[in-house]
Amino acid sequence: MSEVFADLVGQDEAVDTLRRAAAAAAAVLRAAGARPDPTGGTGPDGDTRPGPDPGAGMTHAWIFTGPPGSGRSEAARAFAAALQCVHGTGCGTCAGCHTTMAGTHADVRLVVPEGLSIGVNEMRALVLRAASTPSGGRWQVVIISDADRLTEAAGNALLKAIEEPPPRTVFLLCAPSTHPDDISVTIRSRCRVVPLRQPPPGAVAEVLVRRDGIAPDVAEWAASAAQGHVGRARRLAGDAEARARRDAVLAVPRRLTGVGAAFDAASALIEAAEAEAAAAVAETDAAEKAALQTALGAGGTGRGAAGAMRGAAGQIKDLEKRQKSRATRAQRDALDRALVDLAGFYRDALVAALRAPVAPVHTDTVAMARAGAEKWDAEGALRRLEAVLECRVAIEANVKPKIAVEAMMLALWKG
Ligand SMILES: [Zn+2]
C-alpha cells in the first residue's frame, strides 16, 4: 500500500495542511508520553493542546469541504490514518495506517448516514463512545461523512462534544461547504476548515490509470464525463451498467419531440433512478432483515413470548423505516447523477454556441451538442441548462421528483 495521502487527487494544499497537522499530533503524543503521569490516565494530555507546534495547527475538530466527489471522506480517512500511524506520517504500511484505511481500526469510527439525515440518538451514542480512552493509545477519531445531513438535535449533541472535547478525541466532519445550510455557524466556529477543490480531469485520469489499472484513453474519457467526481469516474470506467444508464440519459435531448415524448422521458428517467436505487439497497436490506429475524428468534410460544413479539414488531418497524429512508436517499442520489450528466450536455451545447475555447464534458456527444447549439443559440442552450439546474434545486427542496422532472422535460422541449 502506498502512503495514505497518495490518492487525494489534485489536493496538494489540503494534503500539505494535513501532513503538518499529523506531525504536530504525533508530537503531542510524544510530549505526553515523555512526561510522568502518576494517574496513569489521560488527564495531562489536555494541557498539551494545541501541541508543541501551534503553527502546524493540530486541533480536535475539522471540517472537510468540497463538491461531491472531490474526496471529502477519503481525505478525512487518510488524515485519520496519519493520526493513527505509528510514525505520525501516514506511511501507509504500519498497522495503524493499514487498519484505518481498511476500516477496521478500533479507534476510528465512520458515520455514513443511510437515510436523509443523521438522528440525535445515533449522534448521542457516537459521542459517548468517542469519549472513551483510545485503545491503541493514540486518538479516538470520529468521521462524519455527511455532516450536512445532521438533524438540528444531532448537531447540538455534536456541538456539545466539540465544545468540551475529551482530551484524545478528534472529530472529522465532511460537508459540501461551510454555508449555514450545510453546517451550523456554532459548529463551524469550533472547527478548522480544510477546503478541497474539484480535481481537474487530468489528475482524475492519472489516478484511474495508476491505482485502478484502467487504460489511459478510457480513463481520460471517464474523468471528463464524471466532471471531477473521482468515484463516478471509476464507476463509468469499470461498470457497463453505469455506462448504459449514462447513455440513456444523454439520449434524452434528441427524444424530446413533443409533449407526450417529454412526459415519457420524465417517467423513464424516474423509473431508471428507482431501479438503480432498488438494486443498490436490495442486498443490504435483505441481509439486515435476515439478521434481525435471527436475532429475534422466530415463533417462540413460551411465557413472555407475547411481550417479546411486541418488542420485535417495534424493531422490525424501526428497521423498515430506516430502510425506506435509505431507499429514498438512494433514489435521489441516482436521479441527481442523471441530472448532472444532463446538465453537462446542455453546458456543452452552450459552450459550442458561444464557440468558447473550453473542453467539453461529454466528449462522446459533442456532435449532438453542436447540433443543439445551432438549433437553440446560446440563449436557448442556457435556458435549458437552467431548467436542469432548477430541477436539481427543486428536488433538494423536497418537490416530488416526478413533478420536478416533468416540468424540466417540458422546459427542455419548449426551450
Ligand atoms: Zn503508518
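Whatever comes next refers back to the structure up there.
Enquirer: Describe in detail the overall build of the chain, supporting the description with residues and values.
Expert: For the chain, the count of helices and strands is 16 helices and five strands. Buried positions account for 45% of the 415 residues belonging to the chain. Taking the contacts inside the chain whose residues are at least 6 apart along the sequence as the reference set, 74% of them involve residues at least 24 apart. Summed over its atoms, the accessible surface of the chain is roughly 20,500 Å², and 55% of this surface lies on carbon and sulfur atoms.

Enquirer: An account of the packing of helix α13 (residues 259–296) against helix α16 (residues 401–414) is requested, with residue identities and associated values reported.
Expert: α16 packs onto α13 with a crossing angle of 140° between their chain directions and a minimal axis gap of 9 Å. On the basis of their axis angle, the class for α13 and α16 is oblique. When the axes of α13 and α16 are compared, the crossing they make is right-handed. Facing Val259, Ala262, Phe263, Ala265, Ala266, Ser267, Leu269 and Ile270 of α13, the residues of α16 in contact are Pro401, Lys402, Val405, Glu406, Met408, Met409, Leu410 and Trp413. In the contact of α13 with α16, the residues fall into 13 nonpolar, one polar and two charged.

Enquirer: Help me get a handle on the coordination of the zinc ion, residues and values and all.
Expert: Tetrahedral coordination by four donors places them ideally at 109.5 degrees to one another around the metal; octahedral coordination by six donors ideally gives 90 or 180 degrees. The coordination sphere of the zinc ion, as far as protein atoms go, consists of Cys85 (SG), Cys91 (SG), Cys94 (SG) and Cys97 (SG), spread over 2.3 to 2.4 Å. Around the zinc ion, the four donor atoms are arranged such that angles at the metal cover 102 to 115°; this shape is classified as tetrahedral. Given the relative accessible area of 0%, Cys85 is considered buried.

Enquirer: Just give me the short version of the side chain of Asp146, but keep the residues and values in it.
Expert: Counting through the fold element by element, Asp146 comes out in the loop between β3 (140–144) and α6 (152–163). Of the side chains bearing the opposite charge, Arg72 lies closest to the buried Asp146, which forms no salt bridge; the N-O distance is 4.1 Å. At 3.0 Å, the side chain of Asp146 forms a polar contact with the side chain of Ser145.

Enquirer: Lay out the environment of Glu3 in plain terms, naming residues and giving numbers.
Expert: Here Glu3 is to be found in the segment before α1 (12–34). Distance in space between the C-alpha atoms of Glu3 and Ala82 is 9.3 Å, their sequence separation being 79 residues. A distance of 2.6 Å separates the side chain of Glu3 from the side chain of Arg19, its partner in a polar contact.

Enquirer: Please provide a residue-by-residue account of the environment of Leu385, values included.
Expert: Following the sequence through the fold, Leu385 ends up in helix α15 (residues 366–396). Taking the C-alpha atoms as reference points, Leu385 and Gly344, 41 residues apart in sequence, are found 8.3 Å from one another. Those residues within four positions of Leu385 in sequence are excluded, and the remaining contacts are Ala343, Tyr346, Arg347 and Leu350.

Enquirer: Tell me what's going on with unusual backbone geometry, and back it up with residues and numbers.
Expert: Even without a glycine there, the phi angle at Gln227 is positive, about 55°. Residue classification places Gln227 among the partly exposed residues on the basis of a relative accessible area of 25%.

Enquirer: Please set out helix α11 (residues 240–250) residue by residue, giving values where relevant.
Expert: All of the buried residues in α11 are Ala242, Arg246, Val249 and Leu250. Taken around the axis of α11, the buried residues stretch over an arc of 95°, which confines them to a single face. Across α11 from its buried face, at more than 90 degrees, point the exposed residues Ala240 and Glu241. Capping the start of α11, Asp239 holds a side-chain oxygen 2.9 Å from the backbone nitrogen of Glu241, two or three residues further along.

Enquirer: Hey, could you go over the pairing of strand β4 (residues 169–175) for me, with residue numbers and the actual values?
Expert: By the criterion of burial, β4 is predominantly enclosed, with seven of the seven residues buried. Residues Thr169, Phe171, Leu173 and Ala175 of β4 are buried on one face, and the alternating residues Val170, Leu172 and Cys174, pointing to the opposite face, are buried as well. Note that strand β1 (residues 61–65) and β4 share five bridges and pair parallel. Looking at β4, one finds that Trp62 is bridged to Leu172. As paired strands, β3 and β4 are joined by five bridges and run parallel to one another. Residue pairing across strands places Ile143 opposite Leu172, the latter belonging to β4. In the classification by handedness, the crossover that spans β3, the intervening α6 and the parallel β4 is right-handed.

About the cut-offs
- Residues numbered from 1 in each chain as written.
- Predicted model: local features only at pLDDT ≥ 70, side-chain atom pairs only at ≥ 80, totals over all residues.
- Heavy atoms only, no water.
- Helix = DSSP H or I, 4+ residues; strand = E, 2+ residues; numbered from the N terminus.
- Buried < 20%, exposed > 50% of the residue type's maximum accessible area, 1.4 Å probe, protein only.
- Contact = heavy atoms within 4.5 Å.
- Areas by Shrake-Rupley, 256 points an atom, 1.4 Å probe, with all protein chains shown as cover.
- Axes fitted to C-alpha atoms, helices over the stretch in contact; angles between N-to-C directions.
- Parallel < 35°, antiparallel > 145°, perpendicular 65-115°, else oblique.
- Left-handed = near helix turned anticlockwise from the far one by under 90°.
- Nonpolar A, V, L, I, M, F, W, Y, C, P; charged D, E, K, R; others polar.
- Donors = N, O, S within 2.8 Å, 3.2 Å for Na, K, Ca; no water.
- Tetrahedral: all angles 85-135°; square planar, octahedral: opposite > 155°, others 65-115°.
- Lys, Arg positive; Asp, Glu negative; His and termini not counted.
- Salt bridge = Lys/Arg side-chain N within 4 Å of Asp/Glu carboxyl O.
- Polar contact = N/O pair within 3.5 Å; in protein donor to acceptor, adjacent residues only side chain to side chain.
- Arc of directions from axis to C-beta.
- Pairing = 2+ DSSP bridges.
- Right-handed = clockwise from strand over helix to strand, strands pointing away.

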